[in-house]
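What the coordinates show
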Amino acid sequence: MTDVTVPKPDMIKADGPQRDVSSRDFTVRRRSQSALVLRRFLQHRLAVISLVVFLVLVLLSLFAETWWQYTSTTITDDLSQGPSLKHPMGTDSTGHDLLAKVLAGARVSVLVALLVAVLSTAFGTVFGALSGFYGGRADTLMMRFVDLILTVPSLAILITLGATIAGGGGDPIVIALILASLSWLQIARIIRGLFLSLREKEYVEAARCLGASNRRIIFRHLLPNAVGPIIVNATIVVAVAILAETALSFLGFGIKFPSTSLGLLVAEGQSAASTRPWLFYFPGLVIVLIALTINFVGDGLRDALDPQQNRVRA
Amino acid sequence: MTLTDSPGTAGTAAGVKPVLEVRDLSVSFPTDDGLVQAVRGVSYRLMPREVLGIVGESGSGKSVTSLAIMGLLPRTARIAGSACLGDQELIGAPYSTMQHLRGRRISMVFQDPISSLNPVYSIGWQLAEAVRAHHDVSKQAAADRAVDLLQLVGIPNAKERASNYPHEFSGGMRQRVVIAIAIANDPEVLIADEPTTALDVTVQAQILETLDLARRETNAAMVLITHDLGVVAGVADRVLVMYAGKPVETGTVDEIYYSSRMPYTLGLLASLPRLDDRKGGALRPIPGSPPSLLNLAPGCPFSPRCTYRGDVCDEQEPELLEVAPGGHRAACHFSDQLEQRREAPVLETDATLQEELA
Amino acid sequence: MYAFALRRLLISVPLLLVSSMIVYALVHFAGDPLRDLEGRNPPVPPAVLEERRRLLGLDKSLPEQYWNWLTGIVTGDFGPSVKGIDIGADLSRRLGVTMRMVILAILLAVILAMVVGVLSAVKQYSGVDYTATLLGFIALSMPVFWLAALLKEFLAIRINQAIGKTVVYTIGESTPGLEGGLLTKLADQAGHLVLPTIALAAVNYAAWSRYQRSSMLDVLNSDFIRLARAKGLSRRRVMVRHALRCALIPLTTVVALDAGAILGGAVITERVFAWHGMGEMLLNAANDQDVNRLLAWLMVSAVIVVLFNLVADLLYAYLDPRIRYA
């Protein structure tokens, strides 16, 4: 169906040659790339709602002290009470308000996941970019290394490290570092693949002919064209990291008392799942909600940033 | 399954019914930005054994027209109008009906032979599949027929090559296989959609020859879609020039090449490189680019690029009207005035070329 | 094909060797096998510490330790455990228990992913597609441990109540001390398998069905599908023989890539359902700082992952002639 396509030379220039010229380029007005991305993202209704829900959740948990009467350490007189107006998520057997605990747990879990995303994206991008850009022997060696680490189940490595590093103390920062040490592998692979194909593009050749340095080519020509996939994958890492951290904490090798995490709360609640189900339900639901909203945001970003997945409305 | 109709001179004998008649076909695609009108009313008749060349730039709607006839457009496409294969209406026909027509009575050769064949099956298998789709024959018989067809389209060692996979063939060879698939069931109509565009210049002529051979072997009528006027000149009986989703001129090859009445066709002809040009002479492209088919402005879509433009052109889109008896039609407000313009015959170029190559 | 398989098999050997080095280094630099003794109060006599150190071979140089460990593993000797467990025997029993669940879960997830992925690609942007997408996203966002616990605490009880007797079990991989023939034992094991397998399959199914959907969409939009239609093939034949066949090729790679993640997921499901499998072994070994048990676990899982990849490579070659003859 190449026939429907009318490539406009000016559009190609404006968007960078990495973009495929598709039926979308029938646009009458010319829009800047960022406006186009924003418009496409806003069209993804679920993604927009998810972003709002996620941000509200983060803000609520970050500023829990300012709007909620209890903290995670407050001991009330209400023991093992079900959800009520006073305690929307109920209380545990020692009288802690579960909402306060969930807010505290969500704060730790989200911050750990964000830290993991930032660290692993930065490292993975650099690693993948170098590997893909230079190619050849260095690339083979670097990617074999990644493949090797992937031969061992990452959860096993996490458990091994979580049990041993820093004496298994369960400090959130340490857990974030441990998670990040494995999360960059996927990003490195993706960026490497992207750079491998991008560096063969004509405009890179053109830049090289003009005498651009490798550094300039990487930062001015390749990286801007990889921004889309980098952002999308960073989002996915946040969701994966939340699930990994809570799993690790659930198993007892992640975040530990006195700090808290949603995974830890589920582990505590599981024993009471049949007698006091709220202790088990709420923390788990919050994990699902956070992961789900992030995944939807990631999906919206992918649609917005990846023009090849343009959808034609039926 | 060869045609028994009296052959006669293609398209002129009275009483001969067209094998394919397209009437007012239009296709549009809904997109995020609005409706893209890819085809805006195409009509033509294809007589038995006739070769119709459809010429136009990419985006002129020539491929979409053919895909609509074959029923191969995506579900989002909105199709209106009619296309009759004999007495059978094709537009809007259910899959089960189309299934029995496609590959048996009407076949298509696609532009890109590299991606047209399924990479995981041998070419012999894919050919035999085409045979067995319409004939209840044994696997062995279908395989034998596949080898015969491969031989016919000029694949050396057909018997051995049949068990090879598409990736083991060159682009030209793959296009021969695609042609073999298209004629496997002796169709009445063969549509070739830019069959040589994706190929090396050196094999283009061979593929055109193979296509012609295949057409004569099966007595099929052919629609040859191309953007190359040179290709059409050698093969076609009649030509349909398309611009912005509409036919803008139609007539015999001679009428189009020697007495065109449409500035766009004249521009296309003038843009062909010629051997009698003085050395170092630049190519003469048509200035500007084709219009966006989204929110098409009123008036003649070619007028922004047209040297003969008048005020009326920006207000009213010209209709395809007869300009000479015998079916030469053109869509231009000034087609009468263009009659005096005698373009230097382009075919001379080919003649000189052939002389020089001889 | 045989040459291809053999070549792949040979590549696995150095891969595992280097992988063993990484695993060994990881465990040795991360952990201190004497920590639980050193930290005790009252302090353990130095002689006992020395004895333990000698037992674990910690008095030798690191390369020497690695070499001894490696040669031991090749002959089936996984070294001494600080808890005095026969690692080899323990491992082989647990391996059977876990792989039963893992393989079933993979099969279930692959079949589900294929069916749902293909359906939602064929009916793109329909109600089926949107529902499948939504469910997929929810499954993708579901922590395995929570889903497993949910199935265990709520679904299992409902099912058993509805039927009137215990059909699905929530604790262990089989009923201890069960009397009866082979059939009774199999039925018992199946009853124990249902929920953990569903939990493990659900999480992987989500990602794979999304993948299957997009690869099916790619194939459906390809030129050769258009040609297959133009040939006059039936819808069914176009979908199954042409589209699905080609869309399965990338899925094999993805499934193999996720082999490690599935083993990780199995650890979690086993924990929730109190199975005595590989998962329990890993968790106990990590808690006990039992170096050799940890190493044995990691090495065995590395072998499993490599084997999965080998199978995927062979499947890939079977499905795609371009690889076979490359």
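Our subject in this report is the structure included herewith. Just so you know, these numbers come straight off a predicted model, no measurement behind them. (Residues numbered from 1 in each chain as written. Chains lettered and ligands numbered in written order. Predicted model: local features only at pLDDT ≥ 70, side-chain atom pairs only at ≥ 80, totals over all residues.)

**Quick word on the overall build of chain A**
Short version of the rule: Each helix corresponds to a stretch of at least 4 residues labelled H or I by DSSP, and each strand to a stretch of at least 2 residues labelled E; elements are numbered beginning at the N terminus. Labels follow a simple rule on C-beta atoms placed from the backbone: if 20 or more others lie within 10 Å of a residue's own, it is buried; if 12 or fewer, it is exposed; otherwise it is partly exposed. Two residues form a contact once the distance between their C-beta atoms, set from the backbone, is within 7 Å.
If you tally the helices and strands in chain A, you get 12 helices and 0 strands. Its helices and strands in sequence order give chain A the pattern α-α-α-α-α-α-α-α-α-α-α-α, from N to C terminus. Relative to its 314 residues, chain A shows a buried fraction of 48%. For chain A, the share of sequence-separated contacts (at least 6 apart) that also reach a separation of at least 24 residues comes to 68%.

**Remarks on the overall build of chain B**
The helix and strand inventory of chain B stands at 14 helices and 12 strands. By residue count, 47% of the 358 residues in chain B fall in the buried class. Look at the contacts in chain B between residues 6 or more apart in sequence, and 65% of them connect residues 24 or more apart.

**Considering the interface of chain A and chain C**
Cut-off, in case you're wondering: Note on residue classes: Ala, Val, Leu, Ile, Met, Phe, Trp, Tyr, Cys and Pro are nonpolar, Asp, Glu, Lys and Arg are charged, and everything else, Gly too, is polar.
The interface of chain A with chain C comprises 36 residues on the first partner and 39 residues on the second. Those elements that place two or more of their residues in the side of chain A that touches chain C are α6 (136–150), α7 (154–164), α10 (214–251), α11 (262–270) and α12 (278–305) of chain A. For the side of chain A that touches chain C, the element with the most residues is α7(A), which contributes 9 residues. Among the residues making up the side of chain A that touches chain C, the classes are represented as 27 nonpolar, 9 polar and no charged.

**What to know about the nonpolar core**
Burial of nonpolar side chains together is a common tendency in soluble globular proteins. Rules: As used throughout, a nonpolar core is a set of buried Ala, Val, Leu, Ile, Met, Phe, Trp, Tyr and Cys residues joined through C-beta atoms within 7 Å of each other.
Residues A241(A) and L127(B) are the most contacted members of the largest nonpolar core, which totals 275 residues. Those residues in contact with A241(A) that lie beyond four places of it in its chain are V112(A), A113(A), V116(A), A117(A), L179(A) and S183(A).

**Section: the packing of helix α5 (residues 87–122) of chain C against helix α12 (residues 278–288) of chain C**
Residues and elements named next belong to chain C. This is how it is decided: In this description, a line fitted to the C-alpha atoms serves as the axis of each element, helices being fitted only across the stretch in contact, and the angle between N-to-C directions of two axes falls anywhere from 0 to 180 degrees. The cut-offs work like this: below 35 degrees is roughly parallel, past 145 is roughly antiparallel, 65 to 115 is roughly perpendicular, and the gaps in between are oblique.
Contact pair α5 / α12: the axes reach a minimum separation of 8 Å and the direction vectors enclose 130°. By the angle between their directions, the pair α5 and α12 is classed as oblique. For the pair α5 and α12, the contacting residues are D90, R94, L95 and T98 in the first and M278, G279 and M281 in the second. Across the contact of α5 with α12, the residue classes tally to 3 nonpolar, 2 polar and 2 charged.

**Side note on the pairing of strand β4 (residues 78–85) of chain B**
Residue and element names in this part refer to chain B. Put simply, the rule reads: Note: two strands are recorded as paired if DSSP finds a minimum of 2 bridges between them.
One ladder, built from 7 bridges, connects strand β1 (residues 20–31) with β4; its direction is antiparallel. Bridge assignment links V27 to a residue of β4, and that residue is I79. Relative to strand β5 (residues 88–89), β4 is paired through 2 bridges, and the arrangement is antiparallel. Bridging from a neighbouring strand, L85 pairs with Q88 of β5. Connecting β4 to the next strand, β5, in antiparallel fashion are 2 residues, including G86 with a positive phi near 65°.

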